[in-house]
Amino acid sequence: MSTATTRPFAGAGVAHAARARRYGLWVAAAVGLLVLPQVVHTGTAIAIMNQMGIAVVFALSYNMLLGQGGMLSFGHAVYFGLGGFIAAHVLNLSGRGAIYLPVPVLPLIGGLGGLAFAILFGSFSTRRAGTVFAMISLGVAELMAASSLIFDRFFGGEEGITTNRSKAPLLLGLPFTRDREVYYLIAFWLFVAALAMYAFSRTPVGRMANAVRDNPERAEFVGYSQNRVRLVSFCAAGFFAGIAGGLFAVNYEILTAENMGLTASGAVLLMTYIGGIGSFVGPIIGAVVFTFLQSMLSDYTGMWLLYLGILFLATVLFVPMGLAGVLMLHAPAWRARRIGRLVGPYLLTGALALVAAVGIIGLLEMIHFVAVSEGAGTTKRLFWMAIAPRTLTPWLAFAALVVVGALGVRWTAPRAASAFAQASRPPVAVRAAATGEAGL
Amino acid sequence: MSTTAAIELVEVRKSFGSTPIIRGVSLVLEAGTRQALIGPNGAGKSTLFNLITGKYRVTTGRIRVKGEDVTDLTPYEINRLGLARSFQVTNIFTRMTVFENLRCAALWGAGYRYSFWHRVSTARAVNERAETVLEQLNLTARREVPAGVLSYAEQRALEIGITIAGGADVILLDEPTAGMSRSETEHVIALIRQVTAGKTLLMVEHDMSVVFDLADRIAVLVYGEVIAHDTPERIRANAAVQEAYLGTPQSVA
């Protein structure tokens, strides 16, 4: 012990540089959040960014369970929804003057609501891990779905409950009537919550959450109860989900039972997994991409959920490390300054994959058209063209695109893969050091 | 030096279904001694380890650690009394780095409990402890490597590191040299000797040269019963041990 105190930690300089880089990233994120509405300032863009901010907090809280703690939950929206309902009711009370509670602190109320129910449901569901935990989470979600019909006064039945953020008292004279003002509120809470969740992962219990995920038995033999570690993570996840729910209440001024239903729980699982559960940025990327696709696709097609489902399947099958994981894979090539060599092969394979995707989308949309028969028309607008799904030609054309694209991808993918392998090889000097240090 | 035994077993019995595995073991391990547990395969050595450390519940009998009755305690409660163990099959945190493995093992002993208001990076005692153990294990160069990709011998070393990092003074090692080469075994034994100085060690080991070299006392377990518990010299001369455990009287190391 005493020898270690006088000796500097191995790689202290590297650790110092890494810490400086981390601080830089957080500052950049804060600046980015502040500047963003000046850059993209249309009403739609602000509305989508608000939605993204809420989704990011929710997805990050979900990854405290799935990625950090190894708990697969099918009912995380319960804490989002309950936090939202509680925040909405409190906002209504505040608007009537029954209590003094300005809008900016409302997400915290949502968080406390989420926390309270996480303690309640977590007290028994975290006693088990794995499949049993997943089943209990599903059961709790069903329980809440049933409760939403029974406790009509609280959940507002099918219409849900509405609220009005402009009636609450002001804090420091800041109004929250327009979307843009709400954006800054969401940005603030997003930043605070993300920072807190990141910090949590670096606390003793946050690290033990990883340990219990990896090996619950061994965690018990170093002094930690696996149940207690899971419970603490679960409560923290419920708290931050509740904050996201509170933000939702402020932003949309309405909550329905759907917000805590299985679909909402499924959505947060999808976005977190697509982004990547192995890193902190994964859920952020996933929530942004998912929300973007959701709002964009739903404008163009009634089948947007199907496409998100396909994206999820493709992630699980081909890149289980998620989008963030794919980016991380390219870190060695980036450090070796060889990322440029990948552009050509990637563009070629990517273009061919796009051709196949256009073909698949074309076929799916035509099936959808024929099956649902939108309107009485015989043509459908697809990819900026008028297409007649009841004739043979477009079917053949799209099928040809699928075949050409798929064959092209098969033919070029090995080249892209070998280009990746080439670019990722460490420089000769680094390689020598790496093999040298491995010797015991 | 306290007079209480580090570990005390009183008429411990364990059956799986109707099959008795441990058939009435009474054993006193004095604090500050290095003890070896030997016996043929299937004698119940690992089961005895699992009973002492709380992984299994005894069928009848009592177990005390440093005078405290631990018979009905959970593994983590027993660990908090200052008893740590390693496993015969490597049991580490595979996706975490080597350093994180050791740091997590040192957390409870340093008093951090379930804290979410401390940062591990500034937990000085924990980081220093992890660094020290890392160095003792000769794994400093592998600090940031995920434990799952370590070589077998490195994982075995880390297994011991996790066991000792928490600062326990009663240490149980289950076949720490299993599957190791001669030189790796020597290194691990030197490490065990170093890190268990002044502590109580109970070790399951098949390598007789290691056992007779390291142990102050040896317990011989045969079919769930301790047939002898004595100094290496007397164990070597014990006819019952030679017959029951080693088969032919002349083959004791």
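Residues numbered from 1 in each chain as written. Chains lettered and ligands numbered in written order. Predicted model: local features only at pLDDT ≥ 70, side-chain atom pairs only at ≥ 80, totals over all residues.

## Brief notes about the overall build of chain B
Here's step 1: Helix and strand counts for chain B come out as nine helices and ten strands.
Here's step 2: Over its C-alpha atoms chain B spans a radius of gyration of 18 Å, differing by no more than 12% from the 18 Å that the globule rule assigns to 253 residues.
Here's step 3: Referenced to the eigenvectors of the C-alpha coordinate spread, the extents of chain B come out at roughly 55 × 40 × 40 Å.
Here's step 4: Counting all 253 residues of chain B, 45% fall into the buried class.
Here's step 5: Taking contacts inside chain B between residues at least 6 apart in sequence as the whole, the part at least 24 apart equals 65%. (Helix = DSSP H or I, 4+ residues; strand = E, 2+ residues; numbered from the N terminus. Rg over C-alpha atoms; globule rule 2.2 N^0.38 Å. Buried ≥ 20, exposed ≤ 12 C-beta atoms within 10 Å, placed from the backbone. Contact = placed C-beta atoms within 7 Å.)

## Description of the overall build of chain A
Here's step 1: Counting its secondary structure elements, chain A contains 19 helices and four strands.
Here's step 2: Projecting the C-alpha coordinates of chain A onto the three principal axes gives extents of approximately 80 × 65 × 45 Å.
Here's step 3: Here chain A, with 440 residues, has 40% of them falling under the buried criterion.
Here's step 4: Across chain A, the fraction of contacts at a sequence separation of at least 24, relative to all contacts at a separation of at least 6, is 80%.

## Quick word on the environment of Gly325 of chain A
All names here are of chain A.
Here's step 1: With respect to the secondary-structure elements, Gly325 resides in helix α15 (residues 322–329).
Here's step 2: By C-beta crowding, Gly325 is classed as partly exposed, having 17 other C-beta atoms within 10 Å.
Here's step 3: Gly325 sits 46 residues away from Ser279 along the chain, and the two C-alpha atoms are 7.5 Å apart.

## With respect to the nonpolar core
Here's step 1: Of all hydrophobic cores here, the largest spans 175 residues; its most connected members are Val56, Val57, Phe58, Met208, Phe240 and Ala244 of chain A together with Leu102 of chain B.
Here's step 2: Look past the residues within four positions of Val56 of chain A in its chain and what remains in contact with it is Leu190, Ile284, Ala287 and Val288 of chain A. (Core = buried A, V, L, I, M, F, W, Y, C linked by C-beta atoms within 7 Å.)

## Looking at helix α1 (residues 45–52) of chain B
Here's step 1: Of all eight residues that make up α1 of chain B, six are buried, and the element is covered over most of its length.
Here's step 2: The positive-phi residue at the C-terminal boundary of α1 of chain B is Gly54 of chain B, with phi of around 90°.

## Some details on the domain arrangement of chain A
Quoted interface sizes are often the accessible area lost when the parts come together.
Residues and elements named next belong to chain A.
Here's step 1: Here the domain parsing of chain A yields domain 1 (28–329) and domain 2 (331–438).
Here's step 2: Put simply, the middle of domain 1 and the middle of domain 2, counted by C-alpha atoms, are 32 Å apart.
Here's step 3: Each side of the interface is counted separately: domain 1 has four residues, and domain 2 has four residues.
Here's step 4: Per-class residue counts for the side of domain 1 that touches domain 2 are two nonpolar, two polar and no charged. (Domains from an automatic or database assignment. Nonpolar A, V, L, I, M, F, W, Y, C, P; charged D, E, K, R; others polar.)

## With respect to the packing of helix α5 (residues 152–165) of chain B against helix α6 (residues 182–195) of chain B
Residues and elements named next belong to chain B.
Here's step 1: Following both chains from N to C, one finds α5 and α6 inclined at 10°, their axes separated by 11 Å at the closest point. As far as their axial angle goes, α6 and α5 are roughly parallel. Residues Ala153, Arg156, Ala157, Ile160 and Ile164 of α5 touch α6, and the partners they reach there are Glu184, Val188, Leu191, Ile192 and Val195. (Axes fitted to C-alpha atoms, helices over the stretch in contact; angles between N-to-C directions. Parallel < 35°, antiparallel > 145°, perpendicular 65-115°, else oblique.)

## A few points about the interface of chain A and chain B
Here's step 1: Tallying the contact residues gives 30 residues for chain A and 38 residues for chain B.
Here's step 2: Mapped by element, the contributors of at least two residues to the side of chain A that touches chain B are α1 (2–6), α9 (204–214), α10 (216–220), α11 (226–252) and α19 (428–438) of chain A.
Here's step 3: Here the element with the most residues in the side of chain A that touches chain B is α9 of chain A; it accounts for eight residues.

## Examining unusual backbone geometry
Here's step 1: With a phi angle near 55°, Arg337 of chain A is a residue other than glycine that sits in the positive phi range.
Here's step 2: Positive phi, close to 50°, is recorded for Glu175 of chain B, a residue that is not glycine.
Here's step 3: Summarising the element assignment, Glu175 of chain B is placed in the loop between β7 (170–174) and α6.
Here's step 4: For Glu175 of chain B, a count of 20 C-beta atoms within 10 Å translates into the label buried.

## Looking at the domain arrangement of chain B
Residues and elements named next belong to chain B.
Here's step 1: Partitioning chain B into domains gives domain 1 (1–82 + 168–178 + 199–253) and domain 2 (89–167).
Here's step 2: For domain 1 and domain 2, the distance between their C-alpha centres works out to 27 Å.
Here's step 3: Classifying every residue of the side of domain 1 that touches domain 2 gives four nonpolar, no polar and one charged.

## Topic: the sheet that holds β7 of chain B
Residue and element names in this part refer to chain B.
Here's step 1: Spatially, six strands are ordered β6-β7-β8-β3-β9-β10 in an open sheet, and the strand pairing comes out mixed. Of all the strands in the sheet, the pair left with one neighbour each is β6 (83–85) and β10 (225–230). Each neighbouring strand pair of the sheet contributes to a mean axis angle of 15°, computed without reference to strand direction.
Here's step 2: Taken strand by strand, α1 contacts β3 (34–38), β6, β7, β8 (200–204) and β9 (217–222), and its axis lies near 150° from that of β7. (Pairing = 2+ DSSP bridges.)

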